[in-house]
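Read off the chains here:
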Amino acid sequence: MFSRLLATLSSALGTPQALRELRWMQAAIDSRASQLSLADMVARRLQHEPLQYILGTQPFGPLNLLVRPPVLIPRPETEHWATVLAESLSPTAQKPISLLDLGTGSGCIPLLLCHLWPPGSVKAHAVDISPHALTLAQDNAALCGIPSQLDGSKKPQNTFTVFNSDFLAEDFPSPALRANSPFDVITSNPPYIPWKEYIELPPSVLDYEDRRALLAGSSGLDFYHAIARLVSHKNLLAPSAIVALEVGHNQACAVETIMRDTGCFRCTEIWTDPWGKQRTIIARK
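Just so we're clear, the structure is a prediction, and the values are computed from it rather than from any experiment.

Visitor: Looking at this model, I keep getting lost on helix α2 (residues 15–30). Mind explaining?
Guide: Residue pairs three or four apart in sequence face the same way in an α-helix, which turns once every 3.6 residues. With 16 residues, α2 ought to run about 22 Å at 1.5 Å a step, and its terminal C-alpha atoms sit 22 Å apart, in line with that. Those residues of α2 not exposed but buried are A18, E21, L22, M25 and A28. Projected onto a plane normal to the axis of α2, the buried residues spread over an arc of 120° and lie on a single side. α2 presents P16, R23 and D30 as exposed residues on the side facing more than 90 degrees away from its buried surface. For α2, the secondary structure elements touched by its buried residues are α1 (2–13), α3 (38–46) and α4 (51–55). Following α2 by one or two positions, R32 has its phi on the positive side, about 65°.

Structure, rendered in structure tokens:
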């Protein structure tokens, strides 16, 4: 059976990748993390369904997050810069910070930060327009043991709260979210793929992951302009705030300029990912 499935999957993925994926599938079955048979998993994979959706989880730093279609699957490059961001800041329970994540998806960025920073050092707030994303983010928070609010105990806790909101809307942020501002950290992995690149994405992305989490108009820069307007006019930033934005291919310089032109920041920098791509814009107030 295994040999036959390996041959079938190898025809689509090549033998090395097929062997790796079959081992991950079998491990999920052996650990009872999946009720599917190996044959069922392979059949779905042959339809270009992402392996993460089939397995139901995706590692993200030390976390193992739930993933479900159509919510965007967390990527390694996002994990990398979120980890570097966590290492570059040192919030404490004595000096906690407030964080806002725009377009949170699975909740991967703020949940990783909540996990890496000391208990009681951060109150994370996550915004998304997708009900699927918000439900998944809450499920992941529960899985990670991060409550939505303090439980009244004396034990220090980080918290994670979600808001169903469109940060492109004129009335953003809502009164409930504004009550938690100003924010010391704003993070976002917004949609940044321009249309001409979007239509060339592989079927595993086009047919399964939410278009709204990927596509960003003709230039790919629409959401960065929106974030620039937010930080310029909505009084969201604390006096020494930092904004961290993931960017797409060849967008770093343009996004850095967009953030500089707000006049809100004393300095900006570009972080490179482990694969040599300019991946993250950091703007410091």
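Additional details are given in the paragraphs that follow.
Visitor: What's the story with the environment of E21 in this structure? I'm lost.
Guide: Positionally, E21 belongs in helix α2. Taking the relative accessible area as the measure of exposure, E21 reaches 3% and is therefore buried. The sequence separation of E21 and L9 amounts to twelve residues, and the corresponding C-alpha distance is 9.1 Å. Apart from the residues lying within four places of it in its own chain, the contact partners of E21 are L9, L13, R45 and L51.

Visitor: Quick question: what am I supposed to make of the packing of α1 against α3 here?
Guide: The description of two helices packed together rests on the angle between their axes and the distance between the axes. Close contact between α1 and α3 brings their axes to 10 Å; oriented N to C, the two are set at 10°. Between α1 and α3, the crossing angle belongs to the class labelled roughly parallel. Of the residues in α3, those in contact with F2, L5, T8, L9, A12 and L13 of α1 are L38, A39, V42, R45 and L46. The residue inventory of the contact of α1 with α3, partitioned by class, reads nine nonpolar, one polar and one charged.

Visitor: I would appreciate a short explanation of unusual backbone geometry in the present structure.
Guide: The residue after P69, namely P70, is reached through a cis peptide bond having omega 5°. For P70, the position within the fold is in the loop between β2 (63–66) and α5 (76–88). A cis amide bond links F172 with the next residue in sequence, P173, at an omega value of 0°. In this structure, P173 sits in the loop between β5 (159–164) and α8 (175–178). Its identity as a non-glycine residue notwithstanding, R32 has a phi of 65°, on the positive side. Inspection of the secondary structure assignment puts R32 in the loop between α2 and α3. Its identity as a non-glycine residue notwithstanding, N250 has a phi of 60°, on the positive side. Turning to its location among the elements, N250 is positioned in the loop between β7 (237–246) and α12 (252–260).

Calculation rules
Residues numbered from 1 in each chain as written. Predicted model: local features only at pLDDT ≥ 70, side-chain atom pairs only at ≥ 80, totals over all residues. Heavy atoms only, no water. Helix = DSSP H or I, 4+ residues; strand = E, 2+ residues; numbered from the N terminus. Expected span 1.5 Å × (residues − 1). Buried < 20%, exposed > 50% of the residue type's maximum accessible area, 1.4 Å probe, protein only. Arc of directions from axis to C-beta. Contact = heavy atoms within 4.5 Å. Axes fitted to C-alpha atoms, helices over the stretch in contact; angles between N-to-C directions. Parallel < 35°, antiparallel > 145°, perpendicular 65-115°, else oblique. Nonpolar A, V, L, I, M, F, W, Y, C, P; charged D, E, K, R; others polar.

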